[in-house]
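# Remarks on the overall topology
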Amino acid sequence: MPKKVAVVTGGAGFVGSYLCDKLIKKDFKVICLDNIITGKKENIGHLLNNKDFTFIKHNVSKYINIPGRVDYVLHFASPASPIDYLKLPIQTLKVGSLGTHNALGLAKKKNAVFLLASTSEVYGDPLVHPQPEEYWGNVNPVGLRGCYDESKRFAEAITMAYHRIHNIDTKIVRIFNVYGPRMRINDGRVIPNFIYQALNNKPITIYGKGKQSRSFCYIADMIEGIYRLMLSSTNNPVNLGNSNEFTILELAKILLRITGSKSRIKFTDLPQDDPKQRRPDITRAKKLLKWQPKIELEEGLFLTIEWFKDRLALFC
Ligand code: UDP
């Protein structure tokens, strides 16, 4: 039987590149599209000589032309770190809107299954805790995070419209704070920032008082959940994340302890619209996908720290 073909947009990014790995392992042919504005060729370097893997440098906000059969379109292209999308608000809005439209158009033309990488940011600064998929969110459309939050909300809406009008088999994953090796040390997110600071004995920059909470999911758990969702029959959004919640101050203390760092903690201003709390309700994923995370925070942090240690020389 010929191998199934999956197109992964944003396939050179942090999550996208692990998804490419998983699909290759599961015997798919993978076509990876990325314009490398926040992704890195290095993330897919080990795949470039694989005959089942093709990399095409392309901005998916422009028309996507893929010859031949395609069975799955997995749309992971987008800046995803607050620092990145604050620098690239227009590209972020375009890839969430035009890019999603193009990726859906490809899925329609090829009669492929479509999966959208959405985000816990669709819930904004949530007034319901933990967040179930039925919650509609609390988003400031004109705030600094609006470019990302609204582009993903639009992406979800157009995905459902293609499902309802064109009968495309679509899936939506809402990803909650995923972390692990291959994150850019300078991408601005809290775990790479704190690891870099702790390993270099630089001040740990806590925004606000550190009372805001997040729930961190290790990349291997996330990829397993995404793969199960892709093969599932559900068309409704599914939250994927770890339901163990930590304040940012707690995270800083854990990292200081496990790295043995001498860094001090430095409190700075809280960015605009920074969500005060975030924890996924994963009842739906447990029921539909028989999935739940297995890797505890300290174990995942340890694996991530080891990976960063090997690369830190480049940044010091
Ligand atoms: N944060 C922090 N110090 C940093 C980076 C982030 O205190 O150096 C906080 C940030 O304000 C937020 C949380 O950590 O409350 C998670 O931030 P991140 O950028 O990782 O992702 P978010 O969940 O906000 O999209």
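Because the structure is a prediction, the values reported are computed rather than measured.

Conventions adopted
Residues numbered from 1 in each chain as written. Predicted model: local features only at pLDDT ≥ 70, side-chain atom pairs only at ≥ 80, totals over all residues. Heavy atoms only, no water. Pairing = 2+ DSSP bridges. Helix = DSSP H or I, 4+ residues; strand = E, 2+ residues; numbered from the N terminus. Axes fitted to C-alpha atoms, helices over the stretch in contact; angles between N-to-C directions. Contact = heavy atoms within 4.5 Å. Near = heavy atom within 4 Å. Polar contact = N/O pair within 3.5 Å; in protein donor to acceptor, adjacent residues only side chain to side chain. Areas by Shrake-Rupley, 256 points an atom, 1.4 Å probe, with all protein chains shown as cover. Nonpolar A, V, L, I, M, F, W, Y, C, P; charged D, E, K, R; others polar. Salt bridge = Lys/Arg side-chain N within 4 Å of Asp/Glu carboxyl O. Buried < 20%, exposed > 50% of the residue type's maximum accessible area, 1.4 Å probe, protein only.

Let us now look at the sheet that holds strand β4 (residues 72-75). Pairing is parallel in the open sheet, where seven strands are placed in the order β3-β2-β1-β4-β5-β6-β11. Two strands lie at the open edges of the sheet, namely β3 (53-57) and β11 (237-240), each paired on one side alone. Going across the sheet, the axis of each strand differs from the next one's by a mean of 20°, ignoring polarity. By the bridge criterion, four bridges tie strand β6 (residues 170-175) to β11 in an arrangement that is parallel. Bridging across to β11, I175 finds its partner in L240. With respect to the sheet, helix α3 (residues 89-110) is in contact with β1 (5-9), β4, β5 (113-119) and β6, its orientation differing from that of β4 by roughly 175°.

Let us look at the site of the ligand. Close contacts around the ligand come from 18 residues, with T205, Y207, R214, D274 and R278 the closest. Between the ligand and the protein, one listed contact pairs an oxygen atom with a backbone N or O atom of V190 at 2.8 Å. Within the side chain of N193, a nitrogen or oxygen atom sits 2.8 Å from an oxygen atom of the ligand. Relative to its unbound accessible surface of 520 Å², the ligand loses 96% to contact with the protein. Every element with two or more residues in the shell around the ligand is listed here: α5 (190-199) and β8 (204-207). Here the residues of the shell around the ligand sort into seven nonpolar, five polar and six charged.

For the bond from H129 to P130, the omega torsion is -10°, close enough to zero to count as cis. With respect to the element layout, P130 can be found in the loop between β5 and α4 (146-166). Positive phi outside glycine occurs at N201, with the angle close to 50°. With a phi close to 50°, K290 is a non-glycine residue in the positive phi region. With respect to the secondary-structure elements, K290 resides in the loop between α8 (283-289) and α9 (297-311).

Here the structure, examined in full by the defined rule, presents 23 salt bridges. Of the charged contacts in the structure, one is a salt bridge between R69 and D71, with a shortest N-O distance of 2.8 Å. Classification of R69 by relative accessible area gives partly exposed; the value is 41%. A network of salt bridges, in which partner residues are shared, links K3, D27, K29, K51 and D52.

Note that all results are geometric; they support no functional claim without further evidence.
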